[in-house]
Amino acid sequence: MEPLLNGRGLIISLIFFLLKFSTAIEIPPSVQQVPTIIKQSKVQVAFPFDEYFQIECEAKGNPEPTFTWTKDGNPFYFTDHRIITSNNSGTFRIPNEGHISHFQGKYRCFASNKLGIAMSEEIEFIVPSVPKFPKEKIDPLEVEEGDPIVLPCNPPKGLPPLHIYWMNIELEHIEQDERVYMSQKGDLYFANVEEKDSRNDYCCFAAFPRLRTIVQKMPMKLTVNSLKHANDSSSSTEIGSKANSIKQRKPKLLLPPTESGSESSITILKGETLLLECFAEGLPTPQVDWNKIGGDLPKGRETKENYGKTLKIENVSYQDKGNYRCTASNFLGTATHDFHVIVEEPPRWTKKPQSAVYSTGSNGILLCEAEGEPQPTIKWRVNGSPIDNHPFAGDVVFPREISFTNLQPNHTAVYQCEASNVHGTILASANVDVVDVRPLIQTKDGENYATVVGYSAFLHCEFFASPEAVVSWQKVEEVKPLEGRRYHIYDNGTLQINRTTEEDAGSYSCWVENAIGKTAVTANLDIRNATKLRVSPKNPRIPKLHTLELHCESKCDLHLKHSLKLSWSKDGEAFEINGTEDGRINIDGANLTISNVTLEDQGIYCCSAHTALDSAADITQVTVLDVPDPPENLHLSERQNKSVRLSWEAGDDHNSNISEYIVEFEGNKEEPGRWEELTRVQGRKTTVILPLAPFVRYQFRVIAVNEVGRSQPSQPSDHHETPPAAPDRNPQNIRVQASQPKEMIIKWEPLKSMEQNGPGLEYRVTWKPQGAPVEWEEETVTNHTLRVMTPAVYAPYDVKVQAINQLGSGPAPQSVTLYSGEDYPDTAPVIHGVDVINSTLVKVTWSTIPKDRVHGRLKGYQINWWKTKSLLDGRTHPKEVNVLRFSGQRNSGMVPSLDAFSEFHLTVLAYNSKGAGPESEPYIFQTPEGVPEQPTFLKVIKVDEDTATLSWGLPKKLNGNLTGYLLQYQIINDTYEIGELNDINITTPSKPSWHLSNLNPTTKYKFYLRACTSQGCGKPITEESSTLGKGKYAGLYDDISTQGWFIGLMCAIALLTLVLLTVCFVKRNRGGKYSVKEKEDLHPDPEIQSVKDETFGEYSDSDEKPLKGSLRSLNRDMQPTESADSLVEYGEGDHALFNEDGSFIGAYAGSKEKGSVESNGSSTATFPLRA
């Protein structure tokens, strides 16, 4: 922000200094001066519940003043031992102990030193007495019905204010109305009594709130007698009527009382509240009215209270004086009273004498003027005594001024001016100090000041000097005083530097000089960088219910950082620190967040920064967007058979321009109440000509769209009905549904209700064989389907469908080609051959069937195959048919996932939309041998110091004649290094075990076993184990295995192992890493290393650990394994099983991908180690 825009701090500083410069000159305490009263009590009331009563009087002066008191104009001495005085003060306390009523009176304090005497205003000390009603016996009052009566209260005197209440003994207020009234003095007036007024507990209560006291007068009894002369046989209504007729009378004033006559005078002080009351007795009850004679009652300040009996005028002014009349009336007459209101005023100052400091030989004047009604009398005092007792040569004393010439030190005194009239006295004091002194600078030397660049700096140099002094400022390093428009020196010595720059920083000297001498002080000025703000984003536009986030980026001088405070406001009103109670508005320092923004959140947001020296602000205009209000006042005009003009008025767009209008209609006879879109109109338009369909009763509505969204729909327009007409369109999507042979079921999309254009809708269907020179056949239907019998199967036909209604036909229809119903193919393909690709994959070729034998649209060919027997053992296999389909016109296909070394039967058939045709003759073929699956298990059944015995099980699928096994092993101690891989070819297929020797003692090995056929070896199974250590117990394993203690030890170890496995299982379920997995990571399968990304081991991990050693390929002596191919690769992606008619009969599970290596993982056998 620019410095000139930051007015708040500047304005406050200017006000402060202007006020400071306008005050009277303060004499430093070190300079001799007359006493000045600086604190005094006002009226003091001795409330009985106070602990003590303090009457204050404090004064300053040099020499230190002494204090004396007067009471009621006479000297007052502190002779009572209960009085507690204060040191260096005139204040004293009167403890609330014993009898203190004799302290009541008017006190005045005098503070004196050798130069003069200061006098306080009168201080009234009131010791209120406890108000009490006198103990008296009140005679019962007895009156006749209809008579007036007054119940007197006569409350006791006490400390005002006084509140009076009339209640019964149960503290229920006596109801007041036009007939019953309580006067200001507390008396209860009855204009005419009624029988219900009889009661024996009329009580007057007087409350004195300042004394916390309520007193009660003795209860009064009032008896109202019914009239005696009424006929006893008459009804109560008749008696009352007769009584009233006898007692009826014109009004007579009870207030003001009769003895005051028809006129009375009231004096009221200006500014107070005037109360005039008027109450009259009579029957019927008189009504009271008020008016001002020769003028009007003051409007806005006058009220009539208590059913018109009291006229109240607040804040009385001189214009309210005059004559006021109250008039009490009923139908028998009137009674009046005039009040002469006199407005007076206590004294008030118009000019008060001002204290001043003078030098010897100078002149001066004291003015004292006051106003009031009556005009106040003015008296002068000097040092508390009449001025006549202290004449000075050359002084001129008038009632309203005192003039001094050639003042001398002995003129030093305290002058008092008193203005008084009958309503009070006011006192004003003025000190006249005649002083000659060298300038005294009151600002400390070396004061430090700071301001920001571009702001004003104020350097103080407050001083006292008499005679008057001259002030000058200069920079310490410069000789000449400061001059120029940027510099201003105030009367009190303060230097103002406007529009400061960094060059203004430095030290300054203030010199004050008068006729007696001169004095100087220094001041230091630092210039800070101005605070800057930026609110972002600028002028955001945010949709309703979204979240608004404002950020206030601030930058200020490092010296001001500690005092920086940020605040937020909206439209000039500050946010609470904690935002709102509902938590929707959140303020976090420089960030303001408003959730679920509403339209009320729109406005100007201001971020303000305040530091010790400056302030800054930045604003952003937040615009809240909402969907538009619905359009209004829809109007239809230019009504035609197929069009109408729709006009509307736009609603409030809520700060986002309307981009378009959506016109919707309702009129669908089939779906009444359903609104459909008819057209869209650009946002700047509010009228459109709408194209209409015949035979529709339309109603329209409009939706406004802006960037936020859609408005609610408008209120619907009037209805507009169009006349019927012939169809203007024909059905679409003409097609044949699944039909039987030599049959066409023709279907089409029926015309919608809005497209029918009139009543009696029908469809005219014509057809003929395509290309045949025959007449069109025709049939008219009311629904949207027609069944036609044809002489040929799957023959093409030209078909037309035309819409017609009672008013005519639709346009000429277009012809479409449809086919009659299909039949199953009636011949089978001939299989040419089956080429064996490998042990699991073959290629089948066949001849396609002729087109005329398909009897429909050919969809493809299907291969069925099943395994008949295994060539390994010759066992027959139950027939389980597998299905694979090939779409389109083709004559070959690949059949994957076959069992190796087996015999199969295979057939081929064609299929169309109707279904599958006959199968070909079965073709017999055999698959060659493949590699075996991995052995079912591998175990280390015996281990010694340098030997190990392994046992294994046959593979589940041999896939050929087993030729032997390949056994491999290597060292895998608990490091990343692994040993060389050793191979053993086992050529005896029937041998299910092997004994290894020449192993290293106390060494961990990993073993790999593969089954082999003539086609190669299959996938390995692995196992790990450790050899035993050297020692005298090396052969103990064979000898002790039958000992009882060894069996017990093994049972204990087994139990411990079971517990550990359970713990590992739980840990693994909770996310822990299983130990077997760790070993697999540490010692990966060599096969896995060789084929790398083709790994599918149970514990394979994408994050394999690197190995320091390298392994030879396990495949070095083996042929590549043959692969099993997926049905997805060779069929049409549908590898489900199908029966003869193509329906789903089962799921097919293909084998692994090519080149994949499977492992069932490995387990570690644990054996006792020999020491």
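Given the structure is predicted, the values throughout are model-derived calculations rather than measurements. (Residues numbered from 1 in each chain as written. Predicted model: local features only at pLDDT ≥ 70, side-chain atom pairs only at ≥ 80, totals over all residues. Heavy atoms only, no water.)

A. A look at the pairing of strand E8 (residues 92-95). Across four bridges, the pairing between strand E3 (residues 52-55) and E8 is antiparallel. Its bridge partner being in E8, Tyr-52 is matched across the sheet by Pro-95. In this structure, strand E7 (residues 84-85) lies alongside E8, joined through two bridges in antiparallel fashion. Pairing of Ile-84 across the sheet is with Arg-93, part of E8. Between E7 and E8, which pair antiparallel and follow one another directly, the connecting turn spans six residues, one of which, Asn-88, has a positive phi of 55°. (Pairing = 2+ DSSP bridges. Helix = DSSP H or I, 4+ residues; strand = E, 2+ residues; numbered from the N terminus.)

B. Layout of the packing of aromatic side chains. Taken as a whole and assessed by the stated rule, the structure comprises 27 aromatic pairs. When the centroid spacing of 5.5 Å and the interplanar angle of 10° are considered together, the rings of Tyr-698 and Phe-700 count as stacked. Among the residues examined, Tyr-698 registers a relative accessible area of 2% and is labelled buried. Note on Phe-700: relative accessible area 0%, which makes it buried. One aromatic cluster is present, built from ring pairs that chain together Trp-69, Phe-76, Phe-78, Phe-92 and Tyr-107. One cation-aromatic arrangement involves Arg-212 over Phe-49; the distance from NZ or CZ to the ring centre is 3.6 Å. (Phe/Tyr/Trp six-rings, centres within 6.5 Å; stacked < 30°, edge-to-face > 60°. Buried < 20%, exposed > 50% of the residue type's maximum accessible area, 1.4 Å probe, protein only. Lys NZ or Arg CZ within 6 Å of the ring centre and 35° of its normal.)

C. How the structure looks around the environment of Lys-555. You can see Lys-555 is positioned in strand E49 (residues 548-555). Look at Lys-555 and you get exposed, because its relative accessible area is 61%. Sequence-wise, Lys-555 and Ala-609 are 54 residues apart; in three dimensions their C-alpha atoms are separated by 9.6 Å. Dropping the residues within four chain positions of it, Lys-555 is found in contact with Ala-530, Thr-531 and Lys-532. (Contact = heavy atoms within 4.5 Å.)

D. Representation of a negative patch on the surface within the structure. A grouping of Asp-629, Glu-632, Glu-649 and Asp-652 is seen on the molecular surface, where their side chains present a negatively charged patch. With respect to the helices and strands, the residue Asp-629 is situated in the loop between strand E55 (615-625) and strand E56 (632-637). (Patch = residues over 30% accessible without salt bridge, like charges linked within 9 Å, V, L, I, M, F, W, Y side chains within 5 Å. Areas by Shrake-Rupley, 256 points an atom, 1.4 Å probe, with all protein chains shown as cover. Salt bridge = Lys/Arg side-chain N within 4 Å of Asp/Glu carboxyl O. Lys, Arg positive; Asp, Glu negative; His and termini not counted. Charge placed at Lys NZ, Arg CZ, Asp CG, Glu CD.)

E. The side chain of Asn-864, seen in detail. Take Asn-864: it is sitting in strand E73 (residues 858-870). The class for Asn-864 is buried, based on a relative accessible area of 2%. Here Glu-919 takes part through its side chain, which lies 3.2 Å from a polar atom of the side chain of Asn-864. (Polar contact = N/O pair within 3.5 Å; in protein donor to acceptor, adjacent residues only side chain to side chain.)

F. Quick peek at the state of the cysteines. A complete count under the given rule lists seven disulfides for this structure. Each disulfide pairs two cysteine sulfurs, and for Cys-153 the partner residue is Cys-204, the sulfurs being separated by 1.9 Å. In this structure, the disulfide formed by Cys-153 and Cys-204 twists by about -65° around the S-S bond and is classed as left-handed. Taken as a pair, Cys-153 in the loop between strand E13 (149-151) and strand E14 (163-167) and Cys-204 in strand E17 (residues 199-208) lie far apart in primary sequence, 51 residues in all. Taken as a pair, Cys-153 and Cys-204 share a single burial class, namely buried. (Disulfide = S-S within 2.5 Å.)

G. Seen up close, the nonpolar core. The biggest cluster of nonpolar side chains holds 26 residues, and the ones touching the most others in it are Leu-151, Trp-166, Leu-188, Phe-190 and Tyr-202. At the level of secondary structure, the elements contributing two or more residues to this core comprise E13, E14, strand E15 (180-182), strand E16 (188-190), E17 and strand E19 (220-225). Sorting elements by how many residues they give to this core places E17 first, with four residues. Sequence-distant contacts of Leu-151, that is, excluding residues within four places in its chain, are made with Leu-141, Trp-166, Asp-187, Leu-188, Phe-190, Tyr-202 and Met-220. (Core = buried A, V, L, I, M, F, W, Y, C linked by side-chain atoms within 4.5 Å.)

H. Focus on the sheet that holds strand E76 (residues 902-912). As summarised here, the arrangement of the four strands in space is E74-E73-E76-E77, forming an open sheet in which the pairing is antiparallel. With partners counted over all chains shown, the strands left at the sheet margins are strand E74 (882-887) and strand E77 (923-926), one partner each. Put simply, the sheet's adjacent strands are angled 30° from each other on average, direction ignored. Where E73 and E74 come together, six bridges link them in antiparallel fashion. Looking at E74, one finds that Gly-860 is bridged to Ser-887. (Axes fitted to C-alpha atoms, helices over the stretch in contact; angles between N-to-C directions.)

I. Here's a closer look at the pattern of salt bridges. What the rule picks out here adds up to 45 salt bridges. Two residues, Asp-338 and Arg-325, come together in a salt bridge whose shortest N-O distance is 2.6 Å. Of this pair, Asp-338 sits in strand E28 (residues 333-351) while Arg-325 sits in strand E27 (residues 322-330), and the two are 13 residues apart along the sequence. The residue Arg-875 makes a salt bridge to Asp-873 at a minimum N-O spacing of 2.7 Å. Residue Asp-873 is classed as partly exposed on the basis of its relative accessible area of 42%. The structure contains a network of salt bridges with shared partners spanning Arg-108, Glu-122, Arg-381 and Glu-418.

J. The sheet that holds strand E22 (residues 274-277), seen in detail. Here we have three strands laid out as an open sheet, ordered E22-E26-E25, and antiparallel in their pairing. Across the chains shown, the open sheet's two edge strands, defined by having one partner strand only, are E22 and strand E25 (302-305). Each strand axis lies, on average, 20° off the axis of its neighbour in the sheet, ignoring direction. One ladder, built from four bridges, connects E25 with strand E26 (residues 310-313); its direction is antiparallel. Residue Glu-305 lies in a different strand from E26, and its bridge partner there is Thr-310.

K. Quick look at the pairing of E76. Counting buried residues along E76, eleven of its eleven residues qualify, which places the element largely inside the surrounding structure. A two-sided burial pattern is seen for E76, the buried positions comprising Ser-902, Phe-904, Leu-906, Val-908, Ala-910 and Asn-912 on one face and Glu-903, His-905, Thr-907, Leu-909 and Tyr-911 on the other. When E73 meets E76, the two strands line up antiparallel, connected through eleven bridges. Residue pairing for E76: Leu-858 is matched across the bridge by Asn-912. When E76 meets E77, the two strands line up antiparallel, connected through four bridges. Counted as the bridge partner of Leu-906 is Tyr-923 from E77.

Any functional reading would require information that these geometric values do not contain.
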